[in-house]
Amino acid sequence: RLRTLPLALAPIVAGSVAAAELHSFRPVRAVLALLVAFFLQVGVNYANDYSDGVKGTDEGRVGPMRLVGSGAASPKAVKFAAFLCFGLAVCSGGASALFAAWGYTGGKRPYGYMGLGDVFVFIYFGLVATLGTLFTQTNQLTLTGWVGAVAVGLISCALLMANNVRDIPTDSESGKLTLAVRLGDRAAR
């Protein structure tokens, strides 16, 4: 899902700009933060594809092709790809976000199925990624960093909501109670 990759880049840019404002931009740390964000973004896409595919959520799905749901790849191969990306993210420095990435649609009680995906996207794609990038470069948090983190988090939530509005029919049928499903099509839009 190439269209979601800017969500991995945006918080790194915002955090790095806030660090540069303090004359503390550290390119190596910014690149490591970008690697964490990139591998988590790709990994969570694979994990979502795997988990929704084995649960049957993606049957008859509208939108981008899903590997497991379409039969283009085996669940085992997609799960392996997800964990490989998660491992690379951890090696780059992103251990806590790993559990949030898998827990979105995976595990016994995936929070994405309870309508909490938007909360976690705001926290991890906005606050954690942006402020984490800033903090690793400056050892402090600034107002500019917080404003950037909230902005990136809200944009990430808007993209998730747009995707979830598209998926209301199939998510409803499969019991995936996203915020969009809970609000209904009109209110979610």
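Refer to the structure printed above.
Every chain is numbered on its own, with residues counted from 1 as its sequence reads. In keeping with the model being predicted, local features are shown solely for residues with a pLDDT of at least 70 and side-chain atom pairs are shown and tallied solely at 80 or more, while totals for entire chains, interfaces and linings include all residues. As a rule here, side-chain values cover all heavy atoms of the structure and leave hydrogens and water aside.

### Re a nonpolar patch on the surface
Operational definition: The patch calculation keeps residues exceeding 30% relative accessible area without a salt bridge and links them within 9 Å when they carry like charges or within 5 Å when they are nonpolar (Val, Leu, Ile, Met, Phe, Trp, Tyr). With residues, only the protein chains shown are counted as cover, and all accessible areas are computed by Shrake-Rupley using a 1.4 Å probe. Every case where a carboxyl oxygen of Asp or Glu lies within 4 Å of a side-chain nitrogen of Lys or Arg is listed as a salt bridge. Each helix is a run of DSSP H or I of at least 4 residues and each strand a run of E of at least 2, with the numbering of both proceeding from the N terminus. Whether a residue is buried, partly exposed or exposed follows from its accessible area with a 1.4 Å probe, protein chains only, as a fraction of its type maximum: under 20%, in between, or over 50%, in that order.
A grouping of Phe135, Leu141, Leu143, Trp146 and Val147 is seen on the molecular surface, where their side chains present a nonpolar patch of about 520 Å² in accessible area. In terms of residues, the nonpolar patch owes the most to one element, helix α7 (residues 143-166), which gives 3 residues. With respect to the helices and strands, Phe135 occurs in helix α6 (residues 117-138). Note on Phe135: relative accessible area 41%, which makes it partly exposed.

### Here's the deal with the environment of Ala33
Where we set the bar: Any pair of residues with heavy atoms lying within 4.5 Å of one another is described as a contacting pair.
By secondary structure assignment, the location of Ala33 is in helix α2 (residues 27-55). Taking relative accessible area as the criterion, Ala33 reaches 16% and is therefore assigned buried. Sequence-wise, Ala33 and Leu134 are 101 residues apart; in three dimensions their C-alpha atoms are separated by 9.7 Å. Residues contacting Ala33, with those up to four places away along its chain left out, are Ile12 and Thr133.

### What about the packing of aromatic side chains?
How we decide: Ring pairs are drawn from Phe, Tyr and Trp, using the six-membered ring of Trp, whenever the two centres fall within 6.5 Å, and their geometry is named by plane angle: stacked under 30 degrees, edge-to-face over 60, tilted for the rest. For a lysine, the NZ atom is tested; for an arginine, the CZ atom; a charge sits over a ring if that atom is within 6 Å of the ring centre and within 35 degrees of the ring normal.
Scanning all chains against the criterion turns up 6 aromatic pairs. For the pair Phe38 and Phe39, a centre-to-centre distance of 5.3 Å together with 70° between the ring planes defines the contact as edge-to-face. A residue is classified by how much of its surface remains accessible, and Phe39, at 17% relative accessible area, is buried. Feature note: the residues Tyr50, Phe83, Phe86 and Trp102 constitute an aromatic cluster, connected by ring pairs. The ring of Tyr113 has Lys55 sitting right over it, with the charged end atom 4.4 Å from the ring centre.

### A word on the packing of helix α1 (residues 6-21) against α6
Operational definition: Between the N-to-C directions of two axes lies an angle of 0 to 180 degrees, each axis being a line fitted to C-alpha atoms and, for a helix, fitted only over the stretch in contact. For this classification, under 35 degrees means roughly parallel, over 145 means roughly antiparallel, 65 to 115 means roughly perpendicular, and everything else is oblique. Here is the rule for handedness: rotate from the far helix to the near one, and if that takes an anticlockwise turn smaller than a right angle the crossing is left-handed, while a clockwise turn gives right-handed. Each residue is assigned to one class: nonpolar for Ala, Val, Leu, Ile, Met, Phe, Trp, Tyr, Cys and Pro, charged for Asp, Glu, Lys and Arg, and polar for all the others, Gly among them.
Here α1 crosses α6 at 40°, and the two axes come no closer than 8 Å. Taken together, the axis directions place α1 and α6 in an arrangement best described as oblique. α6 is crossed by α1, and the crossing has right-handed handedness. The residues of α6 that touch α1, namely those facing Leu7, Pro11, Ile12, Ala14, Gly15, Ser16, Ala18 and Ala19, are Phe125, Ala129, Thr130, Thr133, Leu134, Gln137 and Thr138. Its residues assigned to classes, the contact of α1 with α6 shows 9 nonpolar, 6 polar and no charged.

### A closer look at the environment of Asp185
For the record, the criterion: By the criterion applied in these results, polar contacts are pairs of N or O atoms within 3.5 Å in which, for protein atoms, one can donate a hydrogen and the other can accept it, and in which residues neighboring in sequence qualify only through two side-chain atoms.
By the secondary structure assignment, Asp185 is in helix α10 (residues 185-188). The class of Asp185 is partly exposed, set by a relative accessible area of 35%. In this structure the C-alpha to C-alpha distance between Asp185 and Val165, which are 20 residues apart in sequence, comes to 6.3 Å. Not counting residues up to four positions away in its chain, the partners in contact with Asp185 are Val165, Ile168 and Ala180. Side chain to side chain, Asp185 and Arg189 meet in a polar contact 2.9 Å long.

### Here's the deal with unusual backbone geometry
Positioned with a positive phi, His23 is a non-glycine residue whose angle comes to about 60°. Here His23 shows up in the loop between α1 and α2. In this structure, Asn139 takes a positive phi of about 60° despite not being glycine. With respect to the helices and strands, the residue Asn139 is situated in the loop between α6 and α7. For Asn139, a relative accessible area of 58% corresponds to the exposed category.

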